[in-house]
Amino acid sequence: MVYTDRQARLTILSLALGAFAIGVTEFAAMGLLPYYAADLGVSEPRAGHAVSAYAIGVVVGAPVLAVLGSLLPRKLLLVLLMAFFLLANALSAMAPGIDTLVVARVLAGLPHGAFLGIGMLFAAEMSPEGRKAAGVAQVLMGLTIANVIGVPAAGAIGQAFGWRWCFVIVAVIAAGSAAMIARVAPQPQEAPAANPLRELSALANRAVWLTLLVGAVGFGAIFAVYSYFSAAMIAAAKAPEWAIPLALSGFGIGGTAGNYIAGRLASWSRLGGALVLLCGMIAMSLLYAAVMGHWVAMALVVMALGMTAGLVIPLQMRLMDVAGEGQTLAAALNHAAFNAANALGPWLAGMALAAGYGWQVTGQVGAALAAAGIVVLGLAWLDARPRRRALAAGC
């Protein structure tokens, strides 16, 4: 199917808008935790269940909705996923108590992985050869811009007018994305591109699992540092309060630049691009540990660390190469893997902090996770060697 440049640009923009809404609801909810804890009359640890609930929703929803959704045309599925996401965020805004909020956050997380995974496949299909990685990067740009603009803005609005308005804003953005996809995205082929049994074939593919494991382990480096960055800025560096949101925006700016770099790296080499980014994570994590206590240097290093967050792009392109008929499921599982990293990194760093090590240990844990990701990447490279030899022999 041939697409016009204008149609491709508008479709990718509509998908990036949905990614923007997802980025805002995922990260702004963390910053607003003290406010909904106080409003709902619960402790902050209990209110934190709403944050964990979203991640659980992503991990569960990504494979389930990808497989079941393979029965539908991709355009219709993307509209339905974003509409469901809209309703779940509206429920979050109206939650009368913490239990309802936790349920609403699980529901909001369900379409996260499937929407981003299928959206990236859609963008890659609409992009010409040699530009497919760039199309994927443009969709993910919505997530990084959310960290630069959307999260600070939603946090400020939530603090000024009440935390519920954050979820109202996300619901409005989601509505805009769903309407735009319905209007500008091209009509798919008459029959769905896949079926559930074909999608499940990805689960029997060792190359798929190794690629997912690279993200689940290696990307934990980012979260090991980022999750405790604000606390370290205050406790270890005595940074002024106004510096925290600026530094977090800096991470998003780094991520925006990193998406462009990662797209170029993925076009050059899937595994090679992932290796470069993981090496960058090791270097920046160790440098972060070295400058601990100097808040300006910490902020600059975290911005540079954000430039490595584009790891999702070469891994996504790698999955597209090896997943065969399980493209939709593999793409959705990629985001489930990164949410697993979101749990693994902070958990290991938190254990090290609880053991009495200083704040610099978060960077050291991050470096160790990135190094472990390189080990898994090496296994993926070794696993691919017989396939490369077979292809060469076939030529």
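This is a predicted model, so every value here is computed, not measured.

**As for the overall build of the protein**
Part 1 of the argument: Tallying secondary structure elements over the protein gives 18 helices and zero strands in all.
Part 2 of the argument: Against the 2.2 N^0.38 benchmark of 21 Å for 395 residues, the protein shows a C-alpha radius of gyration of 20 Å, consistent with a compact globule.
Part 3 of the argument: Viewed in the frame of its principal axes, the protein has a C-alpha envelope of about 60 × 45 × 35 Å.
Part 4 of the argument: Counting over 395 residues, the protein shows a buried share of 55%.
Part 5 of the argument: At a minimum sequence separation of 6, the contacts of the protein that also span at least 24 residues come to 83%.
Part 6 of the argument: On the protein, roughly 16300 Å² of surface is accessible, and the fraction owed to carbon and sulfur atoms is 70%.

**A few points about the packing of helix H14 (residues 270-290) against helix H15 (residues 295-306)**
Part 1 of the argument: Packing of H14 against H15 leaves a shortest axis separation of 9 Å and a crossing angle of 165°. Here H15 runs roughly antiparallel to H14, going by the angle between their axes. Like other packed secondary-structure pairs, H14 and H15 cross with a definite hand, here left-handed. Residue-level inspection shows Met281, Met284, Ser285, Leu287 and Tyr288 of H14 in contact with H15, the latter providing Met298, Val301, Val302, Ala304 and Leu305.

**Regarding the environment of proline 314**
Part 1 of the argument: Among the structural elements, proline 314 can be located in helix H16 (residues 312-322).
Part 2 of the argument: Sequence-wise, proline 314 and methionine 284 are 30 residues apart; in three dimensions their C-alpha atoms are separated by 19 Å.
Part 3 of the argument: Apart from the residues lying within four places of it in its own chain, the contact partners of proline 314 are Ala262, Ala266, Arg270, Gly273, Ala274 and Leu277.

Conventions used here
Residues numbered from 1 in each chain as written. Predicted model: local features only at pLDDT ≥ 70, side-chain atom pairs only at ≥ 80, totals over all residues. Heavy atoms only, no water. Helix = DSSP H or I, 4+ residues; strand = E, 2+ residues; numbered from the N terminus. Rg over C-alpha atoms; globule rule 2.2 N^0.38 Å. Buried < 20%, exposed > 50% of the residue type's maximum accessible area, 1.4 Å probe, protein only. Contact = heavy atoms within 4.5 Å. Areas by Shrake-Rupley, 256 points an atom, 1.4 Å probe, with all protein chains shown as cover. Axes fitted to C-alpha atoms, helices over the stretch in contact; angles between N-to-C directions. Parallel < 35°, antiparallel > 145°, perpendicular 65-115°, else oblique. Left-handed = near helix turned anticlockwise from the far one by under 90°.

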